[in-house]
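Chain by chain, the residues run as shown.
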Amino acid sequence: MLFLIPTFLSENEHVLPEEVLEIARSLDEFVVENEKSARKFLKQIGTKIHQNNIIFHLLNEHTSAIEISELLPILKKNKDIGLLSEAGCPAVADPGAAVVRMAHENNIPVKPLTGPSSILLALMASGLNGQSFAFHGYLPKDSVQRKAKISLLEKDAQKKKQTQIFIETPYRNLPLLNDIINVCSENTLLCIAYDLTSSNEFVKTKTIAAWKKQIPSLDKKPAIFLIG
């Protein structure tokens, strides 16, 4: 079976059910987005397997289609395998979806386990429409293209009454926020959420006009943006 194991969103978080922790502690082979963070997570939860005896297979944004296909024999082993994201739920805004799809194609059972999703936590706390929403992952890096995309998302939010959700690499948070503020109308609602589940957790929904008066410090913080 392929177990989809959520990891912590923050350093001081203790929100994973004991059943999930017990499964993660018992496995000795994983497909992971980042080996360093995977080892750190397993150490935090007290894995029962010595770290030298744990096998890690890398699957990240740079993994080629050929390299992904080479993971199939691993899934076909007569043993349980774990899938770990660098943070939060695997296969959601995460390259692990490729190995999950491969498991389905080969009739290998997939078991999703309960854990924190920054996307859903931000949506829950935003006060924006939770009945209709769309997640867009990362917006374009180029500012001109990014502004055009933000404009389209704002139109969809207004026309469809649909919450638009997206994320950014922490060091590009401020350029993204500046583009949002410069593109969107003053009455558009924007929720900013960062450091979710940590002691520094921040979630606030305000109009663009209100955000212009006080721009938060987002540098190097894992953040989620929602337009409604």
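Look up: the structure comes first, before these words.
Since the model is a prediction, treat every value here as computed from it, not as a measurement.

*Asks:* Just to check I follow, could you spell out the pairing of strand 2 (residues 29-32) for this structure?
*Replies:* Taking every second residue as pointing to the same face, both faces of strand 2 are buried, with Glu29 and Val31 on one and Phe30 and Val32 on the other. As paired strands, strand 2 and strand 3 (residues 55-58) are joined by four bridges and run parallel to one another. Residue pairing for strand 3: valine 31 is matched across the bridge by histidine 57. Running through helix 2 (residues 35-45), the crossover from strand 2 to the neighbouring parallel element strand 3 is right-handed. Bridge count between strand 2 and strand 4 (residues 81-84): three bridges; the pairing is parallel. By the bridge assignment for strand 4, valine 32 is matched with leucine 84.

*Asks:* Honestly, the sheet that holds strand 2 in this entry has me stumped. Any pointers?
*Replies:* Two strands in a sheet stick together by hydrogen bonds in their backbones, pointing the same way (parallel) or opposite ways (antiparallel). The strand order across the open sheet built from five strands is 3-2-4-1-5, with neighbouring strands paired in parallel fashion. This sheet does not close on itself; its edge strands, each paired only once, are strand 3 and strand 5 (110-112). For this sheet the average axis-to-axis angle between neighbouring strands, irrespective of direction, equals 25°.

*Asks:* What exactly am I supposed to notice about the layout of surface pockets here?
*Replies:* Gaps left between atoms show up when a probe the size of a water molecule is rolled over them. In this structure, the largest pocket encloses a volume near 1500 Å³. Glu33, Glu86, Ala87, Gly88 and Pro222 are the residues nearest the centre of the largest pocket, which is lined by 44 residues in total. Looking at the lining of the largest pocket, the elements with two or more residues in it are helix 2, helix 6 (118-126), strand 6 (133-138) and strand 10 (223-227). Tallied by class, the residues present in the lining of the largest pocket amount to 21 nonpolar, 13 polar and 10 charged.

*Asks:* Would you mind going over unusual backbone geometry with me for this structure?
*Replies:* Residues other than glycine predominantly adopt negative phi, and peptide bonds predominantly adopt the trans conformation. With a phi angle near 75°, alanine 91 is a residue other than glycine that sits in the positive phi range. For alanine 91, the position within the fold is in the loop between strand 4 and helix 5 (97-105). Backbone geometry at asparagine 107 places phi at a positive 55°, although glycine is not the residue there. Looking at the element boundaries, asparagine 107 is found in the loop between helix 5 and strand 5. Residue classification places asparagine 107 among the exposed positions, given a relative accessible area of 72%.

Thresholds applied
Residues numbered from 1 in each chain as written. Predicted model: local features only at pLDDT ≥ 70, side-chain atom pairs only at ≥ 80, totals over all residues. Heavy atoms only, no water. Buried < 20%, exposed > 50% of the residue type's maximum accessible area, 1.4 Å probe, protein only. Helix = DSSP H or I, 4+ residues; strand = E, 2+ residues; numbered from the N terminus. Pairing = 2+ DSSP bridges. Right-handed = clockwise from strand over helix to strand, strands pointing away. Axes fitted to C-alpha atoms, helices over the stretch in contact; angles between N-to-C directions. 1 Å grid on protein atoms, 1.4 Å probe; cavity = no way out; pocket = protein on both sides within 12 Å on 5 of 7 lines; lining within 4 Å. Points joined across faces, edges and corners; volume = space filled by probe spheres on them. Nonpolar A, V, L, I, M, F, W, Y, C, P; charged D, E, K, R; others polar.

It is worth stressing that arrangement in space is one thing and function is another; only the former is reported here.
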